[in-house]
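# Structural description and commentary
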Amino acid sequence: MALNPQYEAIGKGFVQQYYALFDDPTQRPNLVNMYNVELSFMTFEGVQLQGSVKIMEKLNSLSFQKINRIITAIDSQPMFDGGVLINVLGRLQADEDPPHAFSQIFVLKPLGNSFFVQHDIFRLGIHDTA
C-alpha cells in the first residue's frame, strides 16, 4: 500500500468528526464505531486500554457534561500502509474546571474504504509545580 496523498484532509476531517461526537455527551457512545473490537489501543492519562469495549467503558465513565475546546494545531503525516498519523494540540475546559492544554495523538488504519483508530493517546498538559 502507498502513502495516502489525502492525509491532511483526512486528519482534519477526522479530528472535527471525533470531537463533535466526544464533546456531546449524548453522541459520545457513537465513538465506538471509530475503534476496533481487538486492534485499537488507547492510553488515557497514562492508563492503557485495548479494544473498543474497554475504551468505551473509559470514555463513558467521564463525568463532565460540557466541554469547551479550542484546537491550536492539527499535524498529520501519511504512513506507508496508507494510514494517517495525527497529532492534535489544544486547550479544553470541562464543566467549570479551569482550562488546560491537551495533546492527543491518533493513528488511523485503513479498513476497506474507511479507517479505524488503531492508536489513541490523550494527555492533559498539567504540570506539578513545587
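These lines cover the structure that appears in this document, whether it is placed above or below. Just so it is clear, the structure is predicted and the values come from calculations on it, not from any experiment.

### Describing the sheet that holds strand β2 (residues 47–50)
The mixed open sheet is built from 6 strands, whose spatial order is β2-β1-β6-β5-β4-β3. With one partner strand each, in any of the chains shown, β2 and β3 (67–78) form the two edges of the open sheet. Strand-to-strand twist across the sheet, computed as the mean angle between neighbouring axes with direction ignored, equals 20°. One ladder, built from 4 bridges, connects strand β1 (residues 41–44) with strand β6 (residues 114–124); its direction is parallel. In the sheet register, M42 faces β6, and the bridge partner there is D120. Here helix α1 (residues 7–22) sits on the sheet and contacts β1, β3, β4 (84–94), β5 (100–111) and β6; the angle it forms with β3, its principal contact strand, is near 155°.

About the cut-offs
- Residues numbered from 1 in each chain as written.
- Predicted model: local features only at pLDDT ≥ 70, side-chain atom pairs only at ≥ 80, totals over all residues.
- Heavy atoms only, no water.
- Pairing = 2+ DSSP bridges.
- Helix = DSSP H or I, 4+ residues; strand = E, 2+ residues; numbered from the N terminus.
- Axes fitted to C-alpha atoms, helices over the stretch in contact; angles between N-to-C directions.
- Contact = heavy atoms within 4.5 Å.

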